[in-house]
Amino acid sequence: MLFLGRSESFQSGTSPEVGRSGGDFVKLGHWRNAIRSMRVAQIRGFARLLILFGRSRRGAGLIMRARRSRVIRPVLERLLAFHGTFPSIEAASACAVRYVPESHDHPKQMSLHSEFAQVTRESDYPVLFFLAPIASELRSVFDLGGSVGNLFFQLDRHLHLSSDLVWTVHDLPFKRNAMVEFARSRDEGRLRFSDEFSSASGVDLFIVAGAIHFFEPTLGTLLARLDRFPKHVIINRSPFSNLDDIVAVHDGKLWVNPCKLHGIDKFCSAMRGLGYELVASWPVHERRTRVPLFPDCDGTYRGFYFRLTEDPERA
Ligand SMILES: C[S@@+](CC[C@H](N)C(=O)[O-])C[C@H]1O[C@@H](n2cnc3c(N)ncnc32)[C@H](O)[C@@H]1O
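All residue numbers refer to position in the chain's written sequence, counted from 1. In keeping with the predicted nature of the model, local features appear solely for residues at pLDDT of at least 70, side-chain atom pairs appear and are counted solely at 80 or more, and the whole-chain, interface and lining totals rest on all residues. For the side-chain quantities, the full set of heavy atoms in the structure was used; hydrogens and water were omitted.

Caption draft 1: Summary view of the packing of aromatic side chains. By convention, a stacked pair of Phe, Tyr or Trp rings (six-membered ring in the case of Trp) has centres within 6.5 Å and planes under 30 degrees apart, an edge-to-face pair has planes over 60 apart, and any other such pair is tilted. Inspection of the entire model under this criterion finds 16 aromatic pairs. On the basis of an interplanar angle of 70° and a centroid distance of 5.4 Å, the ring pair of phenylalanine 152 and tryptophan 167 is categorised as edge-to-face. Of this pair, phenylalanine 152 sits in helix H8 (residues 150-159) while tryptophan 167 sits in strand S2 (residues 166-170), and the two are 15 residues apart along the sequence. Summarising the aromatic geometry, the rings of phenylalanine 229 and tyrosine 276 are spaced 6.2 Å apart at their centres and angled 40° between planes, so their arrangement reads as tilted. Pair noted here: phenylalanine 229 is in the loop between helix H10 (219-224) and strand S5 (232-241) and tyrosine 276 is in strand S8 (residues 276-288), with a separation of 47 residues, a long-range link. Taken together, the ring pairs in this structure connect Phe129, Phe130, Trp282 and Tyr305 into an aromatic cluster. A ring has a charge above it when a Lys NZ or an Arg CZ is no more than 6 Å from the ring centre and no more than 35 degrees off the ring normal. Seen from the ring of phenylalanine 294, arginine 67 lies directly overhead, with NZ or CZ sitting 3.9 Å from the centre. We count a stretch as a helix when DSSP gives it H or I for four or more residues in a row; a strand needs E for two or more, and each element gets its number in order from the N terminus.

In structure tokens:
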């Protein structure tokens, strides 16, 4: 990209934008896209290679040594670009957008989530198991990263949730219309959309499926901001780290989503610190996130069920 811009400006003796016809811009755009596509293919190819190499003990050992080397690591990071690791989700985002601009806003995600409303995935069964005994008591639910509200429809099919229930979806603001429209198309009046995390205060159930890895703070830190803690907290279908926190990028090919694999120990101890007991946790085998530079991180997707035991101040 840099090379093309410079050569053009040398020819004209001005900046690349001055004195150029529309056709030149189109050509320049094509070249830029072609070069970007090649670079993205190189990044993905190298990441795959490293992941494959890291599956052997010897390969994993070598990558871990390279990761600690002040000389080799920058070279690997350059080759991995958005498949590297980052100090924060913001830094991961700034890198990823230069290669693949689409993220949570890709329209295919919306249609995918609408389809998920019709199916019960393997990882939904532990949630159904733990919710079945308390489903009839639930009157308020906060669904973090709830997209079009697909989780509600999927669970309601089995649990027949109360007609008095208010199910609040909290997602990025641009998802509001899609959620509202989806609920309307199904003649469902129990769903609401909220931009405010504070709407989670004191709910019967706080649920987050496939989304806690998109949040920088640990869940304990998020919940600590609430005036009153939710009674039941279910986290499902997110990749976690058996090591410390790792910020990486989840590559959905058409889109990329910066994410944080929260370290399990820190994650659970923050919840215990708020007065929650861990009732159960389960692995989710439907998918796995592999981080090329961290072959020692298992990246297994997991689910957790926490129940509030004590909250003298806030319950
Ligand atoms: C993989 S989808 C999960 C959708 C649904 N919960 C499910 O299990 O099928 C992740 C969702 O998290 C949402 N999300 C990502 N970052 C977010 C943020 N900062 N605040 C609110 N929602 C966010 C995305 O827009 C997306 O709808």
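Caption draft 2: Structural context of the site of the ligand. Here, proximity means that at least one heavy atom of the residue falls within 4 Å of the molecule or strand. Around the ligand, the structure places 15 residues, and the nearest of them are Gly145, Asn150, Asp171, Lys175 and Ala209. We call two N or O atoms a polar contact when they sit within 3.5 Å, provided that within protein one can donate a hydrogen and the other can accept it, with sequence-adjacent residues counted only if both atoms are side-chain atoms. Within the contact set of the ligand, a nitrogen atom lies 2.9 Å away from a backbone nitrogen or oxygen of glycine 145. Looking at the shell around the ligand, its residues break down into five nonpolar, six polar and four charged. Polarity classes work like this: nonpolar for Ala, Val, Leu, Ile, Met, Phe, Trp, Tyr, Cys and Pro, charged for Asp, Glu, Lys and Arg, and polar for all others, with Gly in that last group.

Caption draft 3: Examining the domain arrangement of the protein more closely. Each assigned domain of the protein is listed with its residue range as follows: domain 1 (2-83) and domain 2 (107-308). Each domain's extent is set by a domain assignment, obtained either automatically or from a database. Using C-alpha coordinates to define each centre, domain 1 is positioned 34 Å away from domain 2. Opposite the 16 residues of domain 1 that make contact, domain 2 presents ten residues. By definition, the buried area sums, over both parts, the 1.4 Å-probe accessible area that each loses when the two are put together. Across the domain 1 to domain 2 interface the summed buried area is about 1300 Å²; carbon plus sulfur atoms make up 64%. Considering only the side of domain 1, the residues that lose the most area to domain 2 are Arg44, Arg67 and His83, jointly responsible for 39% of the buried surface there. Salt bridges are defined by distance alone: a side-chain nitrogen of Lys or Arg within 4 Å of a carboxyl oxygen of Asp or Glu. Between the two partners, domain 1 and domain 2, sit two salt bridges. Note that arginine 44 is salt-bridged to aspartate 251, the shortest N-O span being 2.7 Å. Where domain 1 packs against domain 2, one counts five residue pairs in polar contact (both at pLDDT 80 or more). Every element with two or more residues in the side of domain 1 that touches domain 2 is listed here: helix H2 (22-53), helix H3 (57-68) and helix H4 (72-80). Contact criterion: two residues are considered in contact whenever any of their non-hydrogen atoms come within 4.5 Å of each other.

Caption draft 4: A look at the environment of isoleucine 43. Mapped onto the fold, isoleucine 43 is located in helix H2. The spatial distance from the C-alpha of isoleucine 43 to the C-alpha of leucine 191 is 41 Å, given a sequence separation of 148 residues. Setting aside its immediate chain neighbours within four residues, isoleucine 43 contacts Leu79, Leu80, Ala81, Phe82, His83 and Tyr99.

Caption draft 5: Local environment of the pairing of S5. Each residue's exposure class comes from its accessible area (1.4 Å probe, protein chains only) as a fraction of the maximum for that residue type: buried when under 20%, exposed when over 50%, partly exposed otherwise. The element S5 is extensively covered by neighbouring structure, given that ten of its ten residues are classed as buried. Two strands form a pair only when DSSP identifies at least two bridges running between them. In the sheet, strand S4 (residues 205-209) pairs with S5 via five bridges, with the strands oriented parallel. Bridged to alanine 209 within S5 is asparagine 236. For the handedness criterion, the strands are oriented away from the viewer, and a crossover whose path from the first strand over the helix to the second runs clockwise is classed as right-handed. In this region the chain leaves S4, passes through H10 and returns to the parallel neighbour S5; the handedness of that crossover is right-handed.

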